Amino acid sequence: MDEDMLADQRRLVELIEEEGWDVTDLEISAYDSPWADEDDPEATVTITARKPYESEDGDDDDESPFRVQ
């Protein structure tokens, strides 16, 4: 894998973490583009991150039927 791709991946993670997110999973895929006649590889990055938000009303008694207890 190209060092430039890995450096870009690290920078994306840094940017997300600077915004208060916790990166929980990351996948980078490098490939030759089937749409371009060039020999330059392309990459896709999939990042999964989580960020907890505080409830504004402070009420922890959520009666939602979709919440796992």
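The model shown is predicted, which means the values in this text are computed figures rather than measured ones.

Peer 1: Give me the overall build of the protein chain: which residues, what numbers.
Peer 2: The helix and strand tally for the protein chain stands at one helix and two strands. Listed by position from the N terminus, the elements making up the protein chain come as α-β-β. Across the 69 residues in the protein chain, those meeting the buried criterion constitute 7%. Sequence separation of 24 or more characterises 42% of the internal contacts of the protein chain that already satisfy a separation of 6 or more.

Peer 1: Give a detailed account of the pattern of salt bridges, specifying residues and quantitative values.
Peer 2: On inspection of all chains with the given rule, the structure shows three salt bridges. We note a salt bridge from Arg11 to Glu14, for which the minimum N-O separation is 3.5 Å. A residue pair is termed a helical-turn pair when its members lie 3 or 4 positions apart in one helix, as Arg11 and Glu14 do in helix H1 (residues 3-18) at three residues. Given the relative accessible area of 39%, Arg11 is considered partly exposed. One salt bridge connects Arg50 with Asp22, and the closest N-O pair in it is separated by 3.4 Å. Placement of the pair is Arg50 in strand S2 (residues 41-50) and Asp22 in strand S1 (residues 22-32), with a sequence separation of 28 residues. Judged by relative accessible area, which is 45%, Arg50 ranks as partly exposed. Connected through salt bridges with shared partners, the residues Arg11, Glu14 and Glu18 form a single ionic network.

Peer 1: So, a negative patch on the surface: which residues are in play, and what are the values?
Peer 2: A cluster of acidic side chains, namely Asp2, Glu3, Asp4 and Asp8, defines a negative patch on the protein surface. With respect to the element layout, Asp4 can be found in helix H1. Under the relative-accessibility criterion, Asp4 is labelled exposed at 55%.

Definitions and cut-offs
- Residues numbered from 1 in each chain as written.
- Predicted model: local features only at pLDDT ≥ 70, side-chain atom pairs only at ≥ 80, totals over all residues.
- Heavy atoms only, no water.
- Helix = DSSP H or I, 4+ residues; strand = E, 2+ residues; numbered from the N terminus.
- Buried < 20%, exposed > 50% of the residue type's maximum accessible area, 1.4 Å probe, protein only.
- Contact = heavy atoms within 4.5 Å.
- Salt bridge = Lys/Arg side-chain N within 4 Å of Asp/Glu carboxyl O.
- Patch = residues over 30% accessible without salt bridge, like charges linked within 9 Å, V, L, I, M, F, W, Y side chains within 5 Å.
- Areas by Shrake-Rupley, 256 points an atom, 1.4 Å probe, with all protein chains shown as cover.
- Lys, Arg positive; Asp, Glu negative; His and termini not counted.
- Charge placed at Lys NZ, Arg CZ, Asp CG, Glu CD.

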